[in-house]
Amino acid sequence: MGRKVFWAILILALLALPPVTLALGQGFYIDLVRRIMIFAIAAVSLNLILGYGGLVSFGHAAYLGVGGYAVAIFAFYGVNNGFLQWGTAIGASALVALAIGAVSIRTSGVYFIMITLAFTQMLYYLGISIEEYGGDDGIRLKMRSQFPLLDLSDGLQFYYLVLGLMLLSVFVVHRLVNSRFGMVLRATRSNEARSRAIGFSPYMYRLTAFVIAGAMGGLAGALLVNQVNFLTPDYMHWTRSGEIMFMVILGGMGTSAGPVLGSFALLLLEDILSNWRDPRWIGEHWQVILGPLLVLSVLFFKRGLAGLFTRHE
Amino acid sequence: MSDALLAVNDLRKSFGALRASDGISFDVMPGETHAVIGPNGAGKTTFISQLAGNLRPDSGRITFAGEDITGLPAPRRARKGLARSFQITSVYPEFSALQNVALAVQAHAGHSFRFWRDARRDPALTGPAEKVLGEVGLKERIHVLAANLAHGEQRQLEVAMALATGPRLLLLDEPMAGMGIEESQRMITLLSSLKRKQTIILVEHDMDAVFRLADRISVLVYGRVIATGTPEEIRGNPEVRGAYLGEDA
């Protein structure tokens, strides 16, 4: 299947999902798929640095958290303007990514993984310690972000907005990685010594990609808070970082479709297994099934799920 | 000495007790092909790494086009016109030959903080890249993934990447390494075609190639240059014969 056909089918299916599920009386799928698409945005942004940049960041949940806090703190003080909330979410995440990236991109390999993890855990514990904003319990939102001409409390409008933003993020990353900037990023992942020898200094390119990915992660965080009307420090827990990373790896690192496929596969599977009623033990211990399935899928789909759909580029 | 393109003055580098570079002085005149030979363990790789900027010398000075570059990192040296190839083939395996060379062009076409236009279809990059690939004899192979090129072709590709940066000095680290006879001959022909047009430092084990290509040869033994001269002078130098050529002859 060509990539154009793949995207056409995916987009049509996602456009058609709300009317179809409503007609069938299965409206809760809109909520589920919206949540999946929000995580897809986070996975797409991680793919920019992990898949194309070779930067194994084990702390991408940090930006979900920062984006989430930006929205929730404004809401806490009764400021519900969406542009202000989301703009701050993106800006603050970019700044946090700049700080974390400036330090961690000087390291590589296991050190890079550990230092990004450590920074994110620091933010997680910071979130827990701030009693003002609910500490462990988090903040409940009284209302979703307010935009002119758009009502996010309407599940459908919110759904199509998230769909649009997800497709936009896929497109932006696609353009980025094929631009001169992206070629430096990908080339340097492929062979850093070679890049340096022909005259590229990788640091600033990597840091820029890290900041862009952080900003997009912040947008996903702002969306996620609106999705659940609730913020907790758990957004930034390291298992969340692992989940996003897993979406990228499962779907296919360094491909356009990979992170989207990965988010759908992982979260749908999680949803199906955890709601399993017959036999009952599956629904209760669904991780026991999910774990081995994921291990098997990584073993058999070496190029990720996207490798099943696309030929060699 | 003052009109040399590259001048190395009393370069020293030790690893523990091992003096890998023990006061090397060396220069390359514009337009010449200057070969560096020496037995295994003579310190050729250490010397090359310091020239390319991958290894910081303990002391000494490297001057390139009249400018002290001793403290510059590798990418800055590359942008000043010092291009290298590697002893062990170093290309971008998952990119086509054309993309490999286009990246080298791009590295010397200003900054790469350009985020939107498709670089793969940018004639400002692919045009010069195609031209260079033609020069090194890879015209028919430009769309082949570098990983799928034969070993000899990958080495040609490396030379193409170095050339595409529009270098003032080519630093070729054993370009014939691992090649069969036929591939070596092709590489020698390629390098002969570059003579005079390019200034070249050639580090090579293949004596046949060295004596055919070099204008001058420096012999490195235990981190010191024991002799520098024309191929005839080196061939007739008793010290060199004893230290090095004698082993082969």
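Just so we're clear, the structure is a prediction, and the values are computed from it rather than from any experiment. Within each chain, residue numbers correspond to sequence positions counted from 1 in written order. Note on labels: chains are lettered from A, ligands numbered from 1, in written order. It should be noted that, the model being predicted, local features are given only for residues of pLDDT at least 70 and side-chain atom pairs only at 80 or more, the latter also being counted only at that level, while totals for whole chains, interfaces and linings use all residues.

What about the overall build of chain A?
Now for step 1: Counting its regular elements, chain A contains 14 helices and two strands.
Now for step 2: Along the first, second and third principal axes, the C-alpha atoms of chain A reach 60 × 45 × 40 Å.
Now for step 3: Three classes are used. A residue is buried when 20 or more other C-beta atoms lie within 10 Å of its own, exposed when 12 or fewer do, and partly exposed in between, with C-beta atoms placed from the backbone. When the 313 residues of chain A are sorted by exposure, 45% land in the buried category.
Now for step 4: Note on contacts: residues are paired as contacts if their backbone-placed C-beta atoms lie within 7 Å. For chain A, contacts bridging at least 24 residues in sequence account for 76% of all contacts bridging at least 6. Helix and strand assignments come from DSSP, with helices taken as H or I runs of at least 4 residues and strands as E runs of at least 2, each series counted from the N terminus.

Some thoughts on the nonpolar core
Now for step 1: A:Ile41, A:Leu219, B:Val101, B:Leu133, B:Ala160 and B:Leu171 are the most contacted members of the largest nonpolar core, which totals 162 residues.
Now for step 2: It is helix H2 (residues 28–52) of chain A that contributes the most residues to this core, 15 residues altogether.
Now for step 3: Domain segmentation is taken from an automatic or database assignment of domains. Each of domain 1 (1–81 + 168–249) and domain 2 (91–166) of chain B accounts for three or more of the residues forming this core.
Now for step 4: Setting aside anything within four residues of it in sequence, one finds A:Leu219 in contact with A:Ile41, A:Gly67, A:Trp86, A:Ala89, A:Ile90 and A:Leu165. Nonpolar cores are built from buried Ala, Val, Leu, Ile, Met, Phe, Trp, Tyr and Cys residues. These are joined into a set through C-beta atoms within 7 Å.

Details of the interface of chain A and chain B
Now for step 1: On the chain B side, the residues contacting the 21 residues of chain A number 27 residues.
Now for step 2: Elements represented by at least two residues in the side of chain A that touches chain B include exactly helix H6 (155–178), helix H7 (180–190), helix H8 (192–198) and helix H9 (202–228) of chain A.
Now for step 3: The element contributing the most residues to the side of chain A that touches chain B is H7(A), with six residues.
Now for step 4: Charged means Asp, Glu, Lys or Arg here, nonpolar means Ala, Val, Leu, Ile, Met, Phe, Trp, Tyr, Cys or Pro, and polar covers whatever is left, Gly included. Of the residues assigned to the side of chain A that touches chain B, the class counts are ten nonpolar, seven polar and four charged.

Concerning the sheet that holds strand S1 (residues 6–15) of chain B
All names here are of chain B.
Now for step 1: Should DSSP find at least two bridges between two strands, the strands are taken to pair. Pairing is antiparallel across the open sheet formed by four strands, whose spatial order is S2-S1-S4-S5. Every other strand in the sheet has two partners, leaving strand S2 (18–28) and strand S5 (67–68) as the edge strands with one partner each.
Now for step 2: Bridge count for S1 against S2 is eight bridges, and the pairing is antiparallel. Its bridge partner being in S2, Leu6 is matched across the sheet by Val28.
Now for step 3: In this description, a line fitted to the C-alpha atoms serves as the axis of each element, helices being fitted only across the stretch in contact, and the angle between N-to-C directions of two axes falls anywhere from 0 to 180 degrees. Relative to S2, helix H1 (residues 44–52) is tilted by about 55°, and along the sheet it contacts S1, S2 and strand S4 (59–64).

What to know about the pairing of S1(B)
Residues and elements named next belong to chain B.
Now for step 1: As paired elements, S1 and S4 share five bridges and run antiparallel to each other. Bridging from a neighbouring strand, Asn9 pairs with Arg61 of S4.
Now for step 2: In this antiparallel pair of consecutive strands, S1 and S2, the connection spans two residues, and Gly16 shows a positive phi of 60°.

Re helix H5 (residues 110–129) of chain A
All names here are of chain A.
Now for step 1: The span expected for a helix works out to 1.5 Å for each residue beyond the first. Helix length check: H5 (20 residues) gives 28 Å between terminal C-alpha atoms against 28 Å at 1.5 Å per residue, within 8%.
Now for step 2: Looking only at H5, the buried set comprises Thr116, Phe119, Thr120, Leu123, Tyr124 and Gly127. Buried residues of H5, seen end-on, are gathered within an arc of 140° and therefore sit on one face of the element. For H5, the exposed residues lying more than 90 degrees away from the buried face are Val110, Tyr111, Tyr125 and Ser129.
Now for step 3: On its buried face, H5 sits against helix H3 (61–76), helix H4 (82–104) and helix H10 (238–251). The arc under discussion is defined with respect to the helix axis, by the directions toward the C-beta atoms.

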